[in-house]
Amino acid sequence: MSMPALMPVYPRCGVRPVRGEGVYLYGEDGTRYLDFAAGIAVNALGHGHPGLTKAIADQAATLMHVSNLYGSPQGEHLAQRLVDATFADTVFFTNSGAEAVECAIKTARRYHFANGNPQRHKLITFRNAFHGRTLGAISATDQPKMRDGFEPLLPGFAYTAFNDLDAALALIDDETAGFLVEPIQGEGGLATATPEFLQGLRKACDAHGLMLVLDEVQAGYGRTGKFFAHEHYGITPDIMAVAKGIGGGFPLGACLATAEAAKGMVFGTHGSTYGGNPLAMAAGEAVLDVLLEDGFLDHVAAMGERLRSRLEQMIPNHDHLFTEVRGKGLMLGLKLKTDSRRFVGFLRDEHQLLTVSAGENVVRVLPPLVIDESHIEEFTQKLSAAARVYVPAADD
Ligand SMILES: *Cc1c(COP(=O)(O)O)cnc(C)c1O
């Protein structure tokens, strides 16, 4: 039996990128692609951003890693900036989204433990959710394709329909720790929480002493035109997992919490060898510098509006193929009447457009946040040309 050196868990496509420049990627064979996938909402500043690459290069030459045995001026500085800009009082840095979710789950359980209620360990989560690939994170989703063959999973999760407030409230019992929810489901197909749903979960948490844990790994960090997606809803979480855009391509994540929610996270309760090392902090600082620049989030919101209206204009011309536009800001999804994975492949191979397919036959459109009008024009022209000639497979 032949087994590739690189464990074959990803159905990789034929594009083999070797270089990036702004909103463009270049393959091994020199082909240029318009990158509206952005490494799955990671390359917020595009490729080769001068501020980010210089910050990483300078820090790499100064001090890369020391471990969390020592004081961290770099971590304290970035954490303070995040605290100043959000609901949170405290931050734990991780290397990925799944680890940020793990820290969020542990923080929620530990809150109830610290309050003398260790039986309150159960998080209510939602159908089609995606929280990452660790055993904890796959236990928090009900999707068989991620869970099959990995049982026994972590106990302490209950699942119900996304955007069904009554169903979620009906699951609350003596063991409930809180809710774990994405404001906009990324992998799940860009289902967007209704205000009633998210505000209702917040209200229930306040009434029952529960933790509202948001997974903003994909929707956060400017992606929707606000710093965090929950700002659209006028609520704040108790605990929040963040990653993807936060490092602009450098592996970085964070778990943010209020002082009350984090009260159980004392010395020795959690840790990470790499988490928050000086190199990661330099990347995080450089990304945050751009994000919090005056007018940057307004730029994202404006580009999001423009891209959405362009996509909406296209639907009537291609109504055999497209049904609706979903999402917020530059986290958009185009829902198809046919298999989205095949169409994403067609856009990539025949039109050099990079997008990402998601659940429910949605094409995810996740450009770098630094795009301008010209990229939107190029994208919509090529998408429209592709849609005109695309022939869905008979069995799609
Ligand atoms: C990508 C993602 C994760 C997992 O992040 P990794 O960095 O792959 O571990 C978790 N939650 C959401 C909502 C995501 O989009």
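Sequence order as written defines residue numbering, which begins from 1 separately in each chain. For a predicted model such as this one, the threshold for reporting local features is a pLDDT of at least 70, and the threshold for listing and counting side-chain atom pairs is 80 or more; totals across whole chains, interfaces and linings nevertheless cover every residue. Where side-chain values are given, they derive from all heavy atoms of the structure, hydrogens and water being excluded.

1. A look at the state of the cysteines
Cysteine sulfurs are considered disulfide-paired once they come within 2.5 Å of each other. This model, assessed by the stated rule, comprises 0 disulfides. The thiol of C255 is not disulfide-bonded; the next cysteine sulfur, from C103, is found 3.6 Å away.

2. Quick look at the sheet that holds strand 10 (residues 253–257)
Adjacent strands of a sheet form backbone hydrogen bonds with each other and so pair up, either parallel or antiparallel. Any two strands with at least two DSSP bridges between them are considered paired. Numbering of helices and strands runs from the N terminus, with a helix taken as a DSSP run of H or I at least four residues long and a strand as a DSSP run of E at least two residues long. Within the open sheet, the 7 strands sit side by side as 4-10-9-8-7-5-6. Their pairing is mixed. Each end of this open sheet is capped by a strand with a single partner; those strands are strand 4 (90–94) and strand 6 (157–160). Sheet twist, expressed as the mean angle between neighbouring strand axes with direction ignored, is 20 degrees. Here 4 bridges tie strand 5 (residues 122–126) to strand 6, and the two strands are oriented parallel to one another. Residue pairing for strand 6: F126 is matched across the bridge by T160. Only the contacting stretch of a helix is used when fitting its axis, a line to C-alpha atoms as for every element, and angles between N-to-C directions run 0 to 180 degrees.

3. Some thoughts on the domain arrangement of the protein chain
Under the domain assignment, the protein chain is made up of domain 1 (17–49 + 294–389) and domain 2 (63–291). Domain start and stop positions are those given by an automatic or database domain assignment. A separation of 27 Å is found between the C-alpha centroids of domain 1 and domain 2. In this complex, domain 1 contributes 29 residues to the contact, which on the side of domain 2 involves 29 residues. A combined buried area of about 2300 Å² lies between domain 1 and domain 2, and 64% of that area is made up of carbon and sulfur atoms. Salt bridge criterion: a side-chain nitrogen from Lys or Arg within 4 Å of a carboxyl oxygen from Asp or Glu. Across the domain 1-domain 2 interface, the total number found is 1 salt bridge. The closest approach of N and O atoms between R364 and E187, which form a salt bridge, is 3.0 Å. Of all the secondary-structure elements, those providing two or more residues to the side of domain 1 that touches domain 2 are helix 1 (38–41), helix 10 (296–314), strand 11 (322–328), strand 12 (331–336) and strand 15 (362–365). Grouping the amino acids of the side of domain 1 that touches domain 2 by side-chain chemistry returns 19 nonpolar, 6 polar and 4 charged. Here a residue-residue contact requires only that any non-hydrogen atoms of the pair lie within 4.5 Å. Accessible-area loss on putting two parts together, using a 1.4 Å probe and summing over both, is the definition of buried area adopted here. Only Asp, Glu, Lys and Arg are considered charged, only Ala, Val, Leu, Ile, Met, Phe, Trp, Tyr, Cys and Pro nonpolar, and every remaining residue, Gly among them, polar.

4. Quick look at the nonpolar core
In terms of nonpolar packing, the biggest core is built from 82 residues, with F179, Y221, F322, F343 and L383 touching the most fellow members. Here this core gets 8 residues from one element, more than from any other, and that element is helix 9 (residues 278–291). With near-sequence residues (within four places) excluded, F322 lies in contact with M314, I315, L334, K335, L336, K337, F343, L383 and A387. Side-chain atoms within 4.5 Å are what join buried Ala, Val, Leu, Ile, Met, Phe, Trp, Tyr and Cys residues into a set we call a nonpolar core. Summary of the burial criterion: residues with accessible area below 20% of their type's maximum are buried, those above 50% are exposed, and those between are partly exposed, where the area comes from a 1.4 Å probe applied to protein chains only. Residues V101, I105, A140 and A261 belong to the second largest nonpolar core, which totals 22 residues.

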